[in-house]
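Geometric and topological summary
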Amino acid sequence: MKGNSQRRGAVRKPGTKKGMRKGSGGQRRKQLRGRGPTPKAEDRTGHPAAARKAAQERREAAKPKRRAPAAVHVPKGHEVIAGRNPVHEAVAAGIPLVRVFLAPGTRVDERLSKVVRTATALGAPLVEVTNRDLDAVSDGAVHQGVAIEVPEYRYTPIDEVFAAAEASGEPPLLIALDQVTDPHNLGAVLRSAAAFGAHGVIIPERRAAGVSAAVWKVSAGAAARIPIAQVTNLVRTLKDAKNAGAFVVGLAGGSADTTASFELADGPLVLVTGSEGSGLSRLVAETCDQIVSIPISLAVESLNAAVATGIALYDVRRRRSQAGQ
């Protein structure tokens, strides 16, 4: 009966109050958040595009991995010879090979085929490199997509050069270069020495060009055929040659004796060429048994060291051929 019920009604907890509260306290923040941009079809699970993408990734993973072209790192002392003809000439001359560098897409001709066959026979690896790497390692030379790495040049001891010249069966013919610093001149002298039958070349250790990539290139492989001795004292070496029975003849302008007529050409001979600028040094000139010149036009002051050596070698070979008739 109304008013007599013992059931308790709803009881409000202390400290609570119906009505609006200041701020939502972040209760509806999740409702205000968006779901972000719509994913691409290939990224949606169950979408046909996603299945095609997964299949493509599986195919790519199954493909054999291709090694990226290796950068060229040449050890200290090793040299790099670049360009089709210099490489072919050096390999044909029997130069030792460390590696052969080839750029992608390099056209293979007969010269390059011979280089590859030789390298394969010798066990020298073929390494694919970029054109940029070849540009860097060849100092900007025209490499034509091919280069070879060769070990540090090993000079022949001077005693072995003398012995090989004596055992040649003909009068020894050696070339000594007095402070010739241009590697192109050294390379050209080596080429002339090989062409005219010289038995060796002597160079000083200091203030003179040594065998380098530029020398290999200019010599067109002659650096592998002509023994080269590097000596600490050129004057002492020339005196040793004289004591062994050789004549030492220096090339210098202004002498009345010329390479076309000097009689010492028939015997054991060391032909000495001076530097590009100052010619023969004083001590070397004083050591020579004779000084000869090459007749030239008065309009030209002097000849290049390599050109002068080539002319002198030609005259020596001509006189020796005439003496043998």
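The structure contained in this document is the topic of the report that follows. Keep in mind it's a predicted model, so treat the numbers as computed, not measured.

Here the focus is the pattern of salt bridges. Enumeration according to the criterion identifies eight salt bridges in this entry. Residues aspartate 43 and lysine 53 are paired through a salt bridge, measuring 3.2 Å at the closest nitrogen-oxygen approach. Within this pair, whereas aspartate 43 is found in the loop between helix H1 (29-32) and helix H2 (48-62), its partner lysine 53 is found in helix H2, the two being separated by ten residues in sequence. Residue aspartate 43 is classed as partly exposed on the basis of its relative accessible area of 46%. Aspartate 109 is paired through a salt bridge with arginine 84; the nearest N and O atoms lie 3.1 Å apart. Note that aspartate 109 is positioned in the loop between strand S2 (99-102) and helix H4 (110-122) and arginine 84 in helix H3 (residues 84-92), a separation of 25 residues in sequence.

Summed over all chains, the structure comprises two aromatic pairs. On the basis of an interplanar angle of 75° and a centroid distance of 4.9 Å, the ring pair of tyrosine 153 and tyrosine 155 is categorised as edge-to-face. Tyrosine 155 sits in the partly exposed class, given a relative accessible area of 26%. A centroid spacing of 6.1 Å and a plane angle of 70° characterise the contact between phenylalanine 196 and tyrosine 314, whose relative ring orientation is edge-to-face. Of this pair, phenylalanine 196 sits in the loop between helix H7 (183-195) and strand S6 (200-204) while tyrosine 314 is found in helix H11 (residues 305-323), placing the two residues 118 residues apart along the sequence. Relative accessible area serves as the criterion here: at 22%, phenylalanine 196 is assigned to the partly exposed category. For tyrosine 314, a relative accessible area of 45% corresponds to the partly exposed category.

Moving on: the side chain of threonine 106. Examined against the element boundaries, threonine 106 turns out to sit in the loop between S2 and H4. From its side chain, threonine 106 meets the backbone oxygen of alanine 103 in a polar contact 2.6 Å long. At 3.3 Å, the side chain of threonine 106 and the backbone oxygen of glycine 145 are in polar contact. Apart from residues lying up to four places away in sequence, threonine 106 is in contact with Arg84, Leu112, Gln144 and Gly145.

Let us now look at the pairing of strand S7 (residues 228-231). Note: S6 against S7, four bridges, orientation parallel. Residue pairing in the sheet places proline 204 in a bridge with valine 231 of S7. Where the polypeptide runs from S6 across helix H8 (residues 213-219) and back to S7, its parallel neighbour, the crossover connection is right-handed.

Here valine 235 shows up in helix H9 (residues 234-243). Along the primary structure valine 235 and glutamate 286 are separated by 51 residues, whereas in three dimensions their C-alpha atoms are 9.3 Å apart.

At glutamine 144, a position not held by glycine, the phi torsion is positive, near 55°. In this fold, glutamine 144 is placed in the loop between helix H5 (131-137) and strand S4 (146-150).

Here aspartate 133 is to be found in helix H5. At 3.0 Å, the side chain of aspartate 133 and the side chain of threonine 130 are in polar contact.

Take the sheet that holds S4 next. Pairing within the open sheet is mixed, and its four strands lie in the order S1-S4-S2-S3. Sheet topology places strand S1 (79-82) and strand S3 (126-128) at the edges, where each strand pairs with a single neighbour. Averaged over all adjacent pairs, the angle separating strand axes in this sheet is 25°, with direction ignored. Alignment of S2 against S3, held across three bridges, turns out to be parallel. Bridge pairing in S3 places leucine 102 opposite glutamate 128.

Looking now at a nonpolar patch on the surface. Residues Ile296, Leu303, Val307 and Ile311 make up a contiguous nonpolar surface patch of roughly 260 Å² in combined accessible area. Residue placement: isoleucine 296 occurs in the loop between strand S10 (290-292) and H11. A relative accessible area of 34% means that isoleucine 296 is categorised as partly exposed.

Moving on, we come to the nonpolar core. Counting residues in hydrophobic clusters, the biggest one holds 48 residues, and the most contacted among them are Ile148 and Leu190. No other element matches the five residues that H11 contributes to this core. When neighbours within four sequence positions are excluded, isoleucine 148 is seen to be in contact with Glu79, Val80, Ile81, Val87, Ala90, Val91, Ile95, Leu97, Arg99, Val100 and Val115. Grouped together as the second largest cluster of nonpolar side chains are 20 residues, Ala165, Ala176, Val272 and Val284 included.

Taken across its five residues, strand S5 (residues 173-177) has five buried, putting it largely inside the fold. Across the two faces of S5 the burial is the same, with Leu173, Ile175 and Leu177 and Leu174 and Ala176 all buried. With five bridges joining them, S5 and strand S9 (residues 269-273) adopt parallel strand pairing. Counterpart to alanine 176 in the pairing with S9 is valine 272. Pairing analysis gives three bridges linking S5 to S6, with the strands arranged parallel. Its bridge partner lying in S6, leucine 174 is registered against glycine 200. One crossover worth recording links S5 to the parallel S6 by way of H7, and it is right-handed.

Parameters at a glance
By convention here, each chain's residues receive numbers from 1 onward along its written sequence. Local features are withheld for residues below a pLDDT of 70 in this predicted model, meaning they are given only at 70 or higher, and side-chain atom pairs are given and counted only at 80 or more; totals for whole chains, interfaces and linings count all residues. Side-chain numbers come from the whole structure's heavy atoms, not from hydrogens or water. Here, a salt bridge means any side-chain nitrogen of Lys or Arg that lies within 4 Å of a carboxyl oxygen of Asp or Glu. Secondary structure elements follow DSSP: runs of H or I of four or more residues count as helices, runs of E of two or more count as strands, with numbering from the N terminus. Exposed residues in this analysis have more than 50% of their type's maximum accessible area, buried residues have under 20%, and partly exposed residues fall in between, with area computed by a 1.4 Å probe over protein chains only. What counts as a ring pair is set by centres within 6.5 Å for rings of Phe, Tyr and Trp (its six-membered ring), and what kind of pair is set by the plane angle: stacked under 30 degrees, edge-to-face over 60, tilted for all other angles. Each polar contact in these results corresponds to two N or O atoms within 3.5 Å; when the atoms are within protein, one needs to be able to donate a hydrogen and the other to accept it, and residues that are neighboring in sequence are counted only if both atoms are side-chain atoms. Contact definition: two residues touch when any of their heavy atoms are within 4.5 Å. Paired strands, as defined in this entry, are two strands with at least two bridges between them according to DSSP. For crossovers, right-handed means that the path from the first strand over the helix to the second runs clockwise, given strands pointing away from the viewer. Fitting a line to C-alpha atoms yields each axis, with helices limited to the stretch in contact; the angle taken between N-to-C directions then spans 0 to 180 degrees. Think of a patch as exposed residues, more than 30% relative accessible area, with no salt bridge, where like charges cluster within 9 Å and nonpolar side chains (Val, Leu, Ile, Met, Phe, Trp, Tyr) cluster within 5 Å. In short, Shrake-Rupley with a 1.4 Å probe defines the accessible areas, and a residue's cover is counted only from the protein chains shown. Buried Ala, Val, Leu, Ile, Met, Phe, Trp, Tyr and Cys residues form a nonpolar core when they are joined through side-chain atoms within 4.5 Å.

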